[in-house]
Structures are given as structure tokens and as C-alpha cells.
Amino acid sequence: MTELFVYPQANLIAGVDEVGRGPLVGAVVTAAVILDPSRPIIGLADSKKLSEKRREYLYAEIKEKALAWSLGRAEPEEIDRLNILHATMLAMQRAVAGLAIVPDMVLIDGNRCPQLPMAAQAVVKGDSRVAEISAASILAKVTRDREMVELDLAFPEYGFAQHKGYPTAVHLAQLARFGATVHHRRSFAPVRRALDAALLSN
């Protein structure tokens, strides 16, 4: 962990993080993790700073050693209906609600917390400062990346396995060329432009 984080007084702490706020396609995926102090996991860090191989290794270790873990998500249609911020908060609520053990404190990566039935605290850069949040970021990222690889098999022309749905130059070019899939977020400007262009050309 980088900057020192002073943990609040609590018996069972869950860390929560999200992956997928920025992409143009697919769900926003969240995870909640309660670690077991008696079974430490070495090498937890912000999932974006780990290699894919290292993330996959830690993903399996977290699922094996954690006291409890849960995934939450909000689908593209929910993102379009609610907006990405509210959809992310909903996905975080779902992840916490899915935990088999109820935490008495939840630490959320970022600067705001969803409404939860227990105490919660937002932690800026929490994915590199709080082990529980790092673990959640790894579970969420591996899960979402795997989904993008699966989507790539169904829509190979878009390159989802490479860019994971983010608005890269390649993705934007393919979006303009082929239009939006049913998995694209229609409220996001580049997707909306592609849909408008398709309407004009018909």
C-alpha cells in the first residue's frame, strides 16, 4: 500500500471498488471483499498497476482466502436510464448486499459512498491504500475483462478483447464503421453519435 491509511474501529470491514465507468460497452462491475486477517494475501495493489497474469493469480487467491466476497453490476440499460454515477452506486449496493457475512464498516474507493445499511467511508485512491479495496478492484477487473473477452468472440470486429470497451481510436473507428451493438451504452456521446449517423444514412 502507498499512503498510510488509518483504519476505522470495526470488526468486519468490507472494501468496495468498481471497474468499467469509462467504457462505451458492457456493465459496470463492482466487488465487495472482507479479508481474513489470519490468512494474509501478499501483493495486493490497485488492479490497474498489476499485470494480467498477476491479477489472475490474486483473483483466485482472494476468492479462496477471503472471509466473504461478492460481485455486483449494473447493465448498459441501467446505466442509460440512471446515468453512470447512479448506476455505479447501485452496483456497489448490490455487491455489499450479496456478501454472505454482513460487515459493520464499508470502505469505498473514491470520494462518495452509496447509501448502505451500515457505516461507510469513501477513501480517495483507496485501491492503492486499503487492502480490502485492492482485493475488490482485482475481483471486479478480472471479472469485467473476462466478459469483454467473451464479447469479443461474439463481435470480433470491434476488438473488445484488446481495448475492453474503452473509447480508444480503434473502438471509435469500428463504432463508426459497424454501428453500436446491443451491449453499447446508448447514453454515452460516441455511441449516440454512431446511432445518429446510422439513422441519417438510412
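Numbering of residues starts from 1 in every chain and runs along the sequence as written. At least 70 in pLDDT is required for a residue's local features to be given in this predicted model, at least 80 for side-chain atom pairs to be given and counted, and no such filter applies to totals for whole chains, interfaces and linings, which use all residues. To get the side-chain values, all heavy atoms of the structure are used, and hydrogens and water are removed first.

**Observations concerning helix 7 (residues 169-178)**
Applied cut-off: Categorising residues by exposure relies on relative accessible area from a 1.4 Å probe, with only protein chains included: less than 20% of the type maximum marks a residue as buried, more than 50% marks it as exposed, and the intermediate range marks it as partly exposed. The numbering of helices and of strands both runs from the N terminus, where a helix is a DSSP run of H or I of at least 4 residues and a strand a run of E of at least 2. The arc in question is the one traced by the directions running from the helix axis out to the C-beta atoms. Contact definition: two residues touch when any of their heavy atoms are within 4.5 Å.
Here helix 7 has its buried residues at His171, Gln174 and Leu175. Buried residues in helix 7, looked at end-on, bunch into an arc of 105°, giving them a common side. Across helix 7 from its buried face, at more than 90 degrees, point the exposed residues Ala169, Ala176 and Arg177. In this fold, the buried residues of helix 7 make contact with helix 6 (160-163) and helix 8 (189-201). Among the residues trailing helix 7, Gly179 stands out with phi positive, at a value near 85°.

**Thoughts on the pattern of salt bridges**
Two side chains carrying opposite charge are able to pair once their charged atoms lie near each other. Let me state the cut-off plainly: We define a salt bridge as a contact between a side-chain nitrogen of Lys or Arg and a carboxyl oxygen of Asp or Glu at a distance within 4 Å.
Enumeration according to the criterion identifies ten salt bridges in this entry. Put simply, Asp145 and Arg55 hold a salt bridge, and the shortest N to O gap is 3.7 Å. Of this pair, Asp145 sits in helix 5 (residues 131-154) while Arg55 is found in helix 1 (residues 52-65), placing the two residues 90 residues apart along the sequence. One exposure class covers both Asp145 and Arg55, and it is buried. Shared partners join several salt bridges into a network, and the residues in it are Asp46, Lys48 and Asp127.

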